[in-house]
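Summary of structural features
So you can see what is in the structure, the chains are spelled out below.
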Amino acid sequence: MNRNQRNDFDNLYAEIDNQKRPRNSLFGLIIGDLIENQKFSLLLLILIILSAGAILITTQQIRKQLFEREQLLLEQDVLESEWRNLVIEENVLADPKRVEYRAKNQLGMSYVTPENETVIVIKSK
């Protein structure tokens, strides 16, 4: 075999070897290009992804807080209703006619007259 044929075989084997090697994927080529030539674009892409993540987190927090606010408003309505009922009950129980009736009938109390009045004097030292 002469030298030219040997070079032709080497070149042929080199071509076959290059064809057998896996080529970079499209994604790999894009990333490689971005890193080598488009650093500013890559920075903007990263910032966009970060801001999208921040938006998702913020939206989730807002939804959670709105749910908690709704629960607190419902609890406030229940407490206000209970408070109104207690005020009404207090007004009914503190009615002067009711107090007088219970004092006379249940406790046997009566109005003070000069005959049944007792004065107690406490001397201080």
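Definitions and cut-offs
Residue indices begin from 1 for each chain and proceed along its sequence in written order. Only residues with pLDDT of at least 70 get local features here, since the model is predicted, and only at 80 or more are side-chain atom pairs given and counted; chain-wide, interface and lining totals rely on the full set of residues. Excluded from the side-chain calculations are hydrogens and water; all other atoms, namely the structure's heavy atoms, are used. Secondary structure follows DSSP: runs of H or I at least 4 residues long count as helices, runs of E at least 2 residues long count as strands, and numbering of each begins at the N terminus. Each residue's exposure class comes from its accessible area (1.4 Å probe, protein chains only) as a fraction of the maximum for that residue type: buried when under 20%, exposed when over 50%, partly exposed otherwise. Basic side-chain nitrogens of Lys or Arg form a salt bridge, by our definition, when they fall within 4 Å of a carboxyl oxygen of Asp or Glu. As a per-residue quantity, pLDDT reports the predictor's confidence and falls between 0 and 100.

1. A look at the overall build of the protein
When you go through the protein residue by residue, the secondary structure sums to four helices and zero strands. The helix and strand sequence of the protein, counted from the amino end, reads α-α-α-α. Counting across all 125 residues of the protein, residues that qualify as buried make up 2%.

2. Side note on the pattern of salt bridges
Here the structure, examined in full by the defined rule, presents two salt bridges. For the salt bridge of Arg-84 with Glu-80, the shortest nitrogen-to-oxygen distance reads 4.0 Å. Of the two residues, Arg-84 and Glu-80 both sit in helix H3 (residues 39-93), four residues apart, roughly one turn of that helix. Assessed through its relative accessible area of 45%, Arg-84 is described here as partly exposed.

3. Let's talk about the confidence of the model for the protein
Predicted confidence across the protein gives a mean pLDDT of 85, with 81% of residues reaching 70 or more. Of all secondary-structure elements in the protein, the lowest mean pLDDT belongs to helix H1 (residues 3-20), at 62, while H3 reaches the highest, 95.

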